[in-house]
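Structure assessment
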Amino acid sequence: MKANKSSLLIFAALILGILVGYVCNQAAPTPEAAKEIAGYFGIITDIFLRLIKMIIAPLVFATLVGGIAHMGSGAKLGRIFAKTMGWFVSASFISLLLGLVMVNLLQPGANFPGTLPDKAQSTGLPVSAFSIEKFLTHLIPTSIADAMAQNEILQIVVFSLFFGLAAAALGDAAKP
């Protein structure tokens, strides 16, 4: 079986990462020094994660617009939407049912020896009540640039849906 060049590079990077981690751990005289060395690698991980986040919004937009515009007719899109929602609802129902069965069978936390915090105790996190009005207004982006800047994927999906439908309605004029 011929291995893909990218797969080999990923595997080599994995092995290199393990070796570098081991060498840094062995070279550090104290655990505090090891934490300091790890902090330097934290910069690399932050940059890598930012690069990934940077690519998500344009990738979602381009994929959805291209897929919707390629379908052409609204009837095709409606059938795909109905099938997708059917699979989503079915999978959600099965996973919830499985979760409920497993919780009732296994009873996780039933013999937990510790004490639980009081229900009235505050977590310190900002909490607001759910409202349909807030949810629906949050679906529609104020601008696509803001939605992409904030990585609001749901807003990008809604904009992509409208943009793709508009491109499909234009037909051949939208192909370039």
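Keep in mind that what you see is a predicted model, and the values were worked out from it rather than measured.

**Considerations on the overall build of the protein chain**
- Along the backbone of the protein chain there are 6 helices and 0 strands.
- When its helices and strands are written in sequence order, the protein chain yields α-α-α-α-α-α.
- Along the longest, intermediate and shortest principal axes, the C-alpha atoms of the protein chain span 65 × 50 × 40 Å.
- For the protein chain, with 176 residues in total, the buried portion stands at 10%.
- The contacts in the protein chain between residues at least 6 apart in sequence include a share of 53% that link residues at least 24 apart.
- Entry remark: accessible area of the protein chain is about 14800 Å², with carbon and sulfur atoms responsible for 72%.
- For the protein chain, the centre of its 11 positive side-chain charges and the centre of its 8 negative side-chain charges are spaced 16 Å apart.

**Brief notes about the confidence of the model for the protein chain**
- This prediction gives the protein chain a mean pLDDT of 86; 97% of its residues lie at or above 70.
- Helix 5 (residues 144–149) holds the highest mean pLDDT among the elements of the protein chain, 91, whereas helix 2 (residues 31–71) holds the lowest, 87.

**Section: the environment of Thr30**
- Among the structural elements, Thr30 can be located in the loop between helix 1 (5–27) and helix 2.
- Thr30 sits in the partly exposed class, given a relative accessible area of 35%.
- The spacing of Thr30 and Ala173 is 143 residues in sequence and 66 Å in space, taken between C-alpha atoms.

**Looking at the nonpolar core**
- Core analysis: the largest hydrophobic core is formed by 5 residues, namely Ala57, Phe61, Val65, Ala147 and Ile156.
- The greatest single-element share of this core, amounting to 3 residues, is contributed by helix 2.
- Not counting residues within four places of it along the chain, the set of residues in contact with Val65 comprises Ser160, Phe163 and Gly164.

**A look at a nonpolar patch on the surface**
- A cluster of nonpolar side chains, namely Phe48, Leu49, Ile52, Ile55, Ile56, Leu64, Ile153 and Val157, defines an oily patch on the protein surface of about 640 Å² accessible area.
- Listed by contribution, the elements that provide at least two residues to the nonpolar patch are helix 2 and helix 6 (153–170).
- Positionally, Val157 belongs in helix 6.

**Side note on the packing of helix 2 against helix 6**
- One way to put it is that helix 2 packs onto helix 6 with a least axis distance of 8 Å and a crossing angle of 30°. Taken together, the axis directions place helix 2 and helix 6 in an arrangement best described as roughly parallel. As for the relative orientation of helix 2 and helix 6, their crossing is right-handed in sense. When helix 2 is examined against helix 6, the residues Ile56, Ala57, Val60, Phe61, Leu64, Val65, Ile68 and Ala69 are found in contact with a partner set consisting of Ile153, Ile156, Val157, Phe159, Ser160, Leu161, Phe163, Gly164, Leu165, Ala167 and Ala168.
- Here the residues of the contact of helix 2 with helix 6 are counted per class, giving 17 nonpolar, 2 polar and no charged.

**Here's the deal with the packing of helix 4 (residues 132–139) against helix 6**
- Axis separation between helix 4 and helix 6 bottoms out at 8 Å; the angle between their running directions is 60°. Classified by the interaxial angle, the pair formed by helix 4 and helix 6 is oblique. Together, Phe135, His138 and Leu139 of helix 4 and Leu154, Gln155 and Val158 of helix 6 make up the contact between the two elements.
- For the contact of helix 4 with helix 6, the per-class residue count stands at 4 nonpolar, 2 polar and no charged.

**Some details on the packing of aromatic side chains**
- The tally for this structure, following the rule as stated, stands at 4 aromatic pairs.
- When the ring of Phe61 is compared with that of Phe159, the centres are 5.9 Å apart and the planes differ by 25°; the resulting orientation is stacked. On the criterion of sequence distance, the pair formed by Phe61 in helix 2 and Phe159 in helix 6 is long-range, its members being 98 residues apart.
- Phe159 gets classed as partly exposed once you look at its relative accessible area, which sits at 26%.
- Consider the rings of Phe130 and Phe135, whose centres lie 6.2 Å apart with planes at 50°: the pair is tilted.
- Owing to a relative accessible area of 38%, Phe135 belongs among the partly exposed residues under this scheme.
- In textbook terms, an aromatic cluster arises when at least three aromatic residues are bridged by ring pairs, as seen for Phe61, Phe159 and Phe163.

Criteria and cut-off values
- Residues numbered from 1 in each chain as written.
- Predicted model: local features only at pLDDT ≥ 70, side-chain atom pairs only at ≥ 80, totals over all residues.
- Heavy atoms only, no water.
- Helix = DSSP H or I, 4+ residues; strand = E, 2+ residues; numbered from the N terminus.
- Buried < 20%, exposed > 50% of the residue type's maximum accessible area, 1.4 Å probe, protein only.
- Contact = heavy atoms within 4.5 Å.
- Areas by Shrake-Rupley, 256 points an atom, 1.4 Å probe, with all protein chains shown as cover.
- Lys, Arg positive; Asp, Glu negative; His and termini not counted.
- Charge placed at Lys NZ, Arg CZ, Asp CG, Glu CD.
- pLDDT = per-residue confidence, 0-100.
- Core = buried A, V, L, I, M, F, W, Y, C linked by side-chain atoms within 4.5 Å.
- Patch = residues over 30% accessible without salt bridge, like charges linked within 9 Å, V, L, I, M, F, W, Y side chains within 5 Å.
- Salt bridge = Lys/Arg side-chain N within 4 Å of Asp/Glu carboxyl O.
- Axes fitted to C-alpha atoms, helices over the stretch in contact; angles between N-to-C directions.
- Parallel < 35°, antiparallel > 145°, perpendicular 65-115°, else oblique.
- Left-handed = near helix turned anticlockwise from the far one by under 90°.
- Nonpolar A, V, L, I, M, F, W, Y, C, P; charged D, E, K, R; others polar.
- Phe/Tyr/Trp six-rings, centres within 6.5 Å; stacked < 30°, edge-to-face > 60°.

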